[in-house]
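# Coordinate inspection notes
So the chains spell out like this:
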Amino acid sequence: MNTRTDGSAVRIGVLAPLTPPGWVQAGQHLLAGAELAAREVNDAGGIGGRPLELLVRDTAADPEKAAAAVDELARLGVAALAGEYHSVVARAAAARADALGLPFLCSSAVLDALTDEPAERVARLAPAQSHSWRIYADFLLGAGHSRIAVAAAPSVYWASGTRILREHLAPRGGAVVELDMSAPVCDELAGSHATALLLLVGHPEPAVSIVRSVRRDPRLAGIMMGAPAGQPEFAAWEAALGGDGAAIPFLRYLPERLGPLGARVAAALRERLPEPPSFVAFEGYDTIAVLAEALRSGPIPSWPDVAVEGTRGTIRFSRTPGISVWQWAWPPVQVVDRDPARPDRLRVLHTG
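So, here is what we can say about the structure in this document. (Residues numbered from 1 in each chain as written. Predicted model: local features only at pLDDT ≥ 70, side-chain atom pairs only at ≥ 80, totals over all residues. Heavy atoms only, no water.)

### Things to note about the packing of aromatic side chains
All told, the structure shown has seven aromatic pairs when counted by the stated rule. Arranged with centres 5.5 Å apart and planes meeting at 85°, the rings of Trp23 and Tyr85 form a pair that is edge-to-face. Taken together, the residues span a long stretch of sequence, with Trp23 in the loop between strand 1 (10-16) and helix 1 (24-43) and Tyr85 in the loop between strand 3 (80-83) and helix 3 (87-100) at a distance of 62 residues. As far as burial versus exposure is concerned, Trp23 and Tyr85 are alike and both buried. Every member of this aromatic cluster is reached through a ring pair, and the members are Trp23, Tyr85 and Phe234. Looking at Arg319, its charged tip hangs above the ring of Trp326, at a distance of 4.3 Å from the centre. (Phe/Tyr/Trp six-rings, centres within 6.5 Å; stacked < 30°, edge-to-face > 60°. Helix = DSSP H or I, 4+ residues; strand = E, 2+ residues; numbered from the N terminus. Buried < 20%, exposed > 50% of the residue type's maximum accessible area, 1.4 Å probe, protein only. Lys NZ or Arg CZ within 6 Å of the ring centre and 35° of its normal.)

### Quick word on the packing of helix 2 (residues 63-75) against helix 3
Interhelical geometry of helix 2 versus helix 3 gives an angle of 30° and a closest axis separation of 8 Å. Pair helix 2 / helix 3 crosses with right-handed handedness. Residues Pro63, Ala66, Ala67, Val70, Asp71 and Ala74 of helix 2 lie in contact with helix 3, whose contacting residues are Val88, Val89, Ala92, Ala93, Arg96, Ala97 and Leu100. In terms of residue class, the contact of helix 2 with helix 3 is made up of 11 nonpolar, no polar and two charged. (Axes fitted to C-alpha atoms, helices over the stretch in contact; angles between N-to-C directions. Left-handed = near helix turned anticlockwise from the far one by under 90°. Contact = heavy atoms within 4.5 Å. Nonpolar A, V, L, I, M, F, W, Y, C, P; charged D, E, K, R; others polar.)

### Overview of the layout of surface pockets
In this structure, the largest pocket encloses a volume near 630 Å³. What lines the largest pocket is a set of 27 residues, and nearest its centre among them are Tyr85, His86, Ser87, Tyr157 and Trp158. Listed by contribution, the elements that provide at least two residues to the lining of the largest pocket are helix 3 and helix 5 (156-169). Here the element with the most residues in the lining of the largest pocket is helix 3; it accounts for three residues. Within the lining of the largest pocket, the residues separate by chemical class into 19 nonpolar, eight polar and no charged. Sorting the residues of the lining of the second largest pocket by element identifies helix 8 (235-241), helix 9 (260-272), strand 14 (334-339) and strand 15 (342-351) as the ones contributing at least two each. Residue contributions to the lining of the second largest pocket peak at three residues, all from strand 15. Along the lines of polarity and charge, the residues of the lining of the second largest pocket split into 11 nonpolar, three polar and nine charged. (1 Å grid on protein atoms, 1.4 Å probe; cavity = no way out; pocket = protein on both sides within 12 Å on 5 of 7 lines; lining within 4 Å. Points joined across faces, edges and corners; volume = space filled by probe spheres on them.)

### Concerning the sheet that holds strand 2 (residues 52-58)
The sheet built from six strands is open, its strands ordered 2-1-3-4-5-13 with parallel pairing. The open sheet terminates on both sides in strands that have one partner only, identified here as strand 2 and strand 13 (326-327). Here four bridges tie strand 1 to strand 3, and the two strands are oriented parallel to one another. Bridging across to strand 3, Val14 finds its partner in Ala82. Packing against the sheet, helix 3 makes contact with strand 1, strand 3, strand 4 (104-106) and strand 5 (122-124), and its axis sits at approximately 165° to strand 4. Its contacts with the sheet place helix 10 (residues 279-296) against strand 1, strand 2, strand 3 and strand 4, and it is angled at close to 160° to strand 3. (Pairing = 2+ DSSP bridges.)

Pasting the structure below:
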């Protein structure tokens, strides 16, 4: 969206993964929500009578590219930054924005340490990883799984998730076993005595290949697979795996029932997207709605003064222990999977 270039617009820079190796479908959903919100802001008169303009930059899941985009957008005079899905990329963007004194509302990244030091101008809509992954760990225990294997790729994000799971499960009698990813996953899993395998790896690969291998190994017929980071959320998962991709619980950030605003936005997003809108699309919408309201009060958002009715509840920001940015505490959290009888349908298994 780039509707005005005469200098009269209020510009917001939007960061999203729109090309590989970024999770392109997530970026498309985030952008669809952001663009819908911007259109509605402009239809309602803009910000103080000035139109809202989104300057979109592709991060391609590259932290260096994201930091360079922040520098470019700052030179172009954006009032604030929005977006990003990948946690490691959002961390690079947040650090650069904080150094420049540029407000940044992170839409979807969950890594607790989004900045090294407390940041006054950075805020986040998505729940912190420590909050949502503990809810996921409680779901695992409730479903009878206390010995959990993880297939984890090298990443700060996956390492953080593994640590959160281990620290939450251990006092409750649970254990986390890290598989050797240099060896055949099925052999490692068969010898682990785990009853659940968590896929802490990228999509489509190696996640799709691991799921297929486990489903076809008779030694692993009783193993539950899970994907707390949300890989099965998007239609590409079902397209790649069909029934093999069902019954793999993941996290998403939606309420049990959408209110009037959420339902209206959901209907509008269905017209803009080739598949049902994911929670990431709602995060994109809420990000721009919050920033537009915050910027009406002045050029620098005062995060503790923000109170905006979003698609998933009233959004307010506070300082949360262990979190370095202003945080919405908390968005609704669900554990969901795809129904084996109808893989295109999602089932809510647990809420937190």
